[in-house]
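Residues per chain, in single letters:
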Amino acid sequence: MAIATIILYRFSLPLIQPYKLALGTVEVFDTVLCLVRDEDGNEGFGEATIMTGYTAETIDDSWAIACGIGERIAGLQAADGKPAIQTAHAAAPFTSSAMMTAVEMLDGHSLLDVPASTAVPLLAIVNASDEDAIASEIDARLAEGYGTLKVKVGFDAGKDQARVRFIQNHLQGRALIRLDGNQGYDVDDTIRFCAGLDPTGIELFEQPCPADDWRAAVAVAGVATVPMMLDESIYGPDDIDRAAELGAASYIKLKLMKAGGLGALADGIQRIRDHGMTPVLGNGVASDTGCWMEACAARSLIDNAGEMNGFLKAQTGLLETPLAVENGAVTLPPGIPRLKSADALSALAVDSARFGAQGRS
């Protein structure tokens, strides 16, 4: 199967409301969509939504690298294009993963084979900061059927503690709490936060310290009264092995967007389990194309609430038919969803490029 055509789109997708993280506030998704076609018109697509801090890539880097890969692999057989994409993974994991998943989809990867309508449970975010708004938001999410709520911390350890305590008191065990520090604390702040934390109802605490500070991760794991999870520290199998060997976490979160492709994602999830740790999957900073792919993978590989809820944050998606959510779960329709028309994608895009066997057109 030859990769006859590659079409790249660059988007700046506004969010419904700002998404507040310790890394910064996100107001738009800076997204690169890769669309590949063979000579018979069959398609595959992949997405990279770039947030510096999750990756060293900037959106400008991603666009330039995607164009370079597109130019190199257009006209190649899929089997020859994949190694060329893989070589970019170390420096540009998000961009190379988008290109790889597009080719894997074109090649008919089994993880995307959804034979019947399937519900994949998601978690919901608690965004509010004042107590009345928090209570209203929690009650609304519970009424919608969510059983796991994500609470962002990593801002101010003392204020974060008070907010978490209020959420626990209001929930009264009606849902699990998944805390996420997004690298916002140093090791002392994290230990102070953990010391004042009531573990009741808390499923796990995700990545409070900087991604490259493995010593901090180990120190926190040694004193925390709740299970710890690494996310931004994990880019490949060596990082999974390191987390296990150091005892730095009992949960590991993966994102398809940085895993290197669908095959690499499945291998990573199995590797986590082989080490006796628990995998979590999902990207809250992704459009509907990336979230659909992750939900397809979660359908058969994950047994806890998925974090692939970025599509609920954007004002518009890239799929022709929006993903549906019911009773706290995204519904995967059978088959492969269609992208919006070329005209609609072009109207949304801030840039585009097309590559064939004869080069850029």
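### Describing the overall build of the protein chain
So, step 1. Secondary structure assignment for the protein chain yields 12 helices and 15 strands.
So, step 2. Computed over its C-alpha atoms, the radius of gyration of the protein chain comes to 20 Å, within 12% of the 21 Å expected for a compact globule of 361 residues.
So, step 3. Its C-alpha atoms give the protein chain principal-axis dimensions of about 60 × 40 × 35 Å.
So, step 4. Of all 361 residues assigned to the protein chain, the portion counted as buried reaches 56%.
So, step 5. Accessible surface computed for the protein chain: about 14300 Å², of which carbon and sulfur atoms make up 48%.

### Topic: the pattern of salt bridges
So, step 1. Within the structure shown, the criterion is met by 20 salt bridges.
So, step 2. For Glu206, the salt bridge goes to Lys150, with nearest N and O atoms at 3.0 Å. With Glu206 in strand β8 (residues 202-206) and Lys150 in strand β6 (residues 148-152), this residue pair connects regions lying 56 residues apart in the sequence.
So, step 3. The network of salt bridges with shared partners includes Lys150, Lys152, Arg178, Asp180, Glu203, Glu206, Asp231, Lys253, Lys255, Lys258 and Glu307.

### A word on the environment of Gly24
So, step 1. With respect to the helices and strands, Gly24 occurs in strand β2 (residues 24-37).
So, step 2. When the C-alpha positions of Gly24 and Gly53 are compared, they lie 9.2 Å apart, and in sequence the two are 29 residues distant.

Procedures and definitions
- Residues numbered from 1 in each chain as written.
- Predicted model: local features only at pLDDT ≥ 70, side-chain atom pairs only at ≥ 80, totals over all residues.
- Heavy atoms only, no water.
- Helix = DSSP H or I, 4+ residues; strand = E, 2+ residues; numbered from the N terminus.
- Rg over C-alpha atoms; globule rule 2.2 N^0.38 Å.
- Buried < 20%, exposed > 50% of the residue type's maximum accessible area, 1.4 Å probe, protein only.
- Areas by Shrake-Rupley, 256 points an atom, 1.4 Å probe, with all protein chains shown as cover.
- Salt bridge = Lys/Arg side-chain N within 4 Å of Asp/Glu carboxyl O.

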